[in-house]
Amino acid sequence: MSQHIRLTVLGSTGSIGKSTLDVVARHPDRYRIIALTAQQQDELLFEQCQRFQPSYAVLLDEAASERLRQRLAAAGLETEVLCGAAALERVSTLPEVDAVMAAIVGAAGMPPTLAAAHTGKKILLANKETLVLAGHLFMDAVRHSGSALLPIDSEHNAIFQVLPGGYAGDMKAGGISKILLTASGGPFRNTSLEQLKDVTPEQACAHPNWSMGRKISVDSASMMNKGLEVIEAHWLFNASADDIQVVVHPQSVIHSMVQYVDGSVLAQLGNPDMRTPIAYALAWPERIEAGVAPLDLFAIARLDFSAPDFTRFPCLALAYQALRAGGTIPALLNAANEVAVAAFLDREIAFLDIPRLIEAVLGKVARTDVNTLQDVLDADAAARVAAQEWIAR
Ligand code: NAD
Ligand code: MG
């Protein structure tokens, strides 16, 4: 009956979640929110429930979910509050849900995203960790169930936009010779190795162009974010490590490019505002207004490009190695990085310890093949134990 696209937003209180709701609010005729989820931010989730009146709200934290339940009842709202990780999978697979915005941060976002893929939902994929951890299983699920998969990460969304016929599946079939994945270089693009020893979480989180959650901000500072994105591009576009070239482009105006065999290079440009890729994915194959200011090329005036520095940013090299090694190695890399970033944010380790910790974990936990979800979960758990041991050593 309804003409609306019915949405679950996983991680609605985060940076991507809030931007998603901003775009949705501009188009009440097109989208209806069925479920919103957060880890523990019940106050913001309450405000979002008042505004969007979802059928379900999920919190991971028991006490926070009880507070939300009481506030909703007092306000006379009928949103049902669920609690726990299993509820994330439930609201991602409901028959009345058409599309799932996967915007939880970290490996915790993988199980509900995978569940959405198994049930054939349209998936708006911000949680790149799903592909890093379980790319093979996730892409198989998408193919078998016939899910539409739209990348939200600005680079992959840009590549999707400039591929022939949208998603070509196999990059060779479309006459593509290379994917040029742009990187801002982050806040430490010009910081010397000597200075990198003493940088703080505050400096790492102060991104020059993008406003994002703290974990991905640190990943941008170490360039692990770009490394994870290389692995993400591998799965999304069936590209090998050699097919993907990282290009440092400090203005963040070109969001990525595709080079074709005839010498053409197609790029997607725009202001660095995640509402553009979100709106594109929500409305694809149509286009909708996103609240983003038009690009002022005269104000930008110039676009710069350079090669990445693997010496100052060893995380990028580690990610390329992990992609080439395959099996559970990318999952180990991701888990070790998550522990390292949390420890850096808590001032337990230094910035340059992040790649050291990851290398130590990769040297300690053995690679296995990925045949089942359990293989991935076991690798993730083993890497977290090894990472904590390294910190406590
Ligand atoms: P964020 O930290 O701002 O928000 C994360 C959201 O996930 C919050 O709603 C939080 O409550 C929820 N959450 C956190 N831990 C959880 C857990 N263990 N279980 C359930 N929910 C949990 O993060 P973000 O910057 O919005 O990033 C979200 C995802 O999008 C990440 O995978 C990131 O790599 C990707 N991404 C973000 C951006 C960006 O501009 N922020 C750009 C590209 C890709
Ligand atoms: Mg990105």
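Residues numbered from 1 in each chain as written. Chains lettered and ligands numbered in written order. Predicted model: local features only at pLDDT ≥ 70, side-chain atom pairs only at ≥ 80, totals over all residues. Heavy atoms only, no water.

Caption draft 1: Broad picture of the overall build of the protein chain. From N to C terminus, the protein chain includes 17 helices and 11 strands. The C-alpha radius of gyration computed for the protein chain amounts to 20 Å, which stays within 12% of the reference 21 Å derived for 393 residues, consistent with globular compactness. Counting only C-alpha atoms, the protein chain reaches 55 × 55 × 45 Å along its principal axes. When the 393 residues of the protein chain are sorted by exposure, 56% land in the buried category. (Helix = DSSP H or I, 4+ residues; strand = E, 2+ residues; numbered from the N terminus. Rg over C-alpha atoms; globule rule 2.2 N^0.38 Å. Buried < 20%, exposed > 50% of the residue type's maximum accessible area, 1.4 Å probe, protein only.)

Caption draft 2: Quick look at the site of ligand 1. In the vicinity of ligand 1 there are 24 residues, among which Thr13, Ser15, Ile16, Gln39 and Glu129 approach most closely. Contact between ligand 1 and Gly14: an oxygen atom at 3.1 Å from a main-chain N or O atom of the residue. Within the complex, the protein chains bury 90% of what would otherwise be the 830 Å² of accessible surface of ligand 1. Classifying every residue of the shell around ligand 1 by side-chain character gives 12 nonpolar, nine polar and three charged. Of the residues that make up the shell around ligand 1, three or more belong to each of domain 1 (5–151) and domain 2 (166–270 + 294–310). (Near = heavy atom within 4 Å. Polar contact = N/O pair within 3.5 Å; in protein donor to acceptor, adjacent residues only side chain to side chain. Areas by Shrake-Rupley, 256 points an atom, 1.4 Å probe, with all protein chains shown as cover. Nonpolar A, V, L, I, M, F, W, Y, C, P; charged D, E, K, R; others polar. Domains from an automatic or database assignment.)

Caption draft 3: Region of the structure containing the packing of aromatic side chains. Scanning the model with the defined rule gives five aromatic pairs in all. Centroid distance Phe160 to Trp284: 5.9 Å. Interplanar angle 70°. Geometry classified as edge-to-face. Of this pair, Phe160 sits in helix α7 (residues 154–162) while Trp284 sits in the loop between α12 (275–283) and α13 (297–300), and the two are 124 residues apart along the sequence. Both rings, one in Phe310 and one in Tyr320, keep their centres 6.3 Å apart while their planes meet at 65°; by these two values the pair is edge-to-face. Of this pair, Phe310 sits in the loop between α13 and α14 (314–325) while Tyr320 is found in helix α14, placing the two residues 10 residues apart along the sequence. On the basis of relative accessibility, which here comes to 39%, the residue Phe310 falls in the partly exposed class. (Phe/Tyr/Trp six-rings, centres within 6.5 Å; stacked < 30°, edge-to-face > 60°.)

Caption draft 4: Region of the structure containing the pattern of salt bridges. One pass over the structure, following the stated rule, counts 25 salt bridges. In this structure, Lys128 engages Glu229 in a salt bridge whose closest nitrogen and oxygen atoms are separated by 3.0 Å. Of this pair, Lys128 sits in the loop between β6 (122–125) and α6 (129–145) while Glu229 sits in helix α11 (residues 224–237), and the two are 101 residues apart along the sequence. Taking the relative accessible area as the measure of exposure, Lys128 reaches 5% and is therefore buried. Overall, Glu229 belongs to the buried group, its relative accessible area being 1%. With a closest N to O distance of 2.6 Å, Arg324 and Asp242 form a salt bridge. (Salt bridge = Lys/Arg side-chain N within 4 Å of Asp/Glu carboxyl O.)

Caption draft 5: View of α12. Most of α12 sits out of view: eight of its nine residues are buried. Buried residues of α12: Arg275, Pro277, Ile278, Ala279, Tyr280, Ala281, Leu282 and Ala283, and no others.

Caption draft 6: Focus on the state of the cysteines. Tallied over the entire structure, the rule returns zero disulfides. Distance from the sulfur of Cys49, which forms no disulfide, to the nearest cysteine sulfur (Cys83) is 14 Å. The class of Cys83 is partly exposed, set by a relative accessible area of 29%. (Disulfide = S-S within 2.5 Å.)

Caption draft 7: Structural context of the domain arrangement of the protein chain. Parsing the protein chain into structural domains produces domain 1 (5–151), domain 2 (166–270 + 294–310) and domain 3 (326–393). Centre-to-centre separation of domain 1 and domain 3, based on C-alpha positions: 27 Å. Taken residue by residue, the interface counts 10 residues in domain 1 and 12 residues in domain 3. With both sides pooled, the region where domain 1 packs onto domain 3 buries about 770 Å², and carbon together with sulfur makes up 75% of that total. Considering only the side of domain 1, the residues that lose the most area to domain 3 are Val132, Leu133 and Leu137, jointly responsible for 57% of the buried surface there. Counting across the interface, domain 1 meets domain 3 through zero salt bridges. The interface formed by domain 1 and domain 3 includes one residue pair in polar contact (both at pLDDT 80 or more). Put simply, the parts of the chain that give the side of domain 1 that touches domain 3 at least two residues each are α5 (110–118) and α6. Of all the elements, α6 adds the most residues to the side of domain 1 that touches domain 3, at six residues. A breakdown of the residues in the side of domain 1 that touches domain 3 according to their chemical character gives seven nonpolar, two polar and one charged. (Contact = heavy atoms within 4.5 Å. Buried area = accessible area lost by both parts, 1.4 Å probe.)

Caption draft 8: Broad picture of the sheet that holds strand β3 (residues 56–59). Strands sit in the order β4-β3-β2-β1-β5-β6-β7 across an open sheet of seven strands; the sheet is parallel. Each edge of the sheet is formed by a strand with only one pairing partner; in this case those strands are β4 (80–83) and β7 (149–151). Neighbouring strand axes in the sheet, compared pairwise and without regard to direction, differ in orientation by 20° on average. Across the sheet, α5 touches β1 (5–10), β5 (99–102) and β6, and the angle it forms with β6 is around 150°. (Pairing = 2+ DSSP bridges. Axes fitted to C-alpha atoms, helices over the stretch in contact; angles between N-to-C directions.)

Caption draft 9: Spotlight on the environment of Leu72. Tracing the chain through its elements places Leu72 in helix α3 (residues 62–74). Considering only alpha carbons, one finds Leu72 and Gln50, 22 residues apart in sequence, at a separation of 8.2 Å. Leaving out residues up to four positions away in the same chain, Leu72 has contacts with Phe46, Cys49, Leu77, Thr79 and Val81.

Caption draft 10: Up close: the pairing of strand β8 (residues 176–183). For β8, the buried fraction is high: six of the eight residues fall into the buried class. Where β8 meets strand β9 (residues 244–248), five bridges bridge the pair, whose relative direction is parallel. Each residue of the ladder has a partner; that of Ile179, found in β9, is Ile244.

Caption draft 11: Inspection of a nonpolar patch on the surface at higher detail. On the surface, a nonpolar cluster with roughly 340 Å² of combined accessible area is contributed by Leu269, Leu297, Leu303 and Phe305. With respect to the secondary-structure elements, Leu303 resides in the loop between α13 and α14. (Patch = residues over 30% accessible without salt bridge, like charges linked within 9 Å, V, L, I, M, F, W, Y side chains within 5 Å.)

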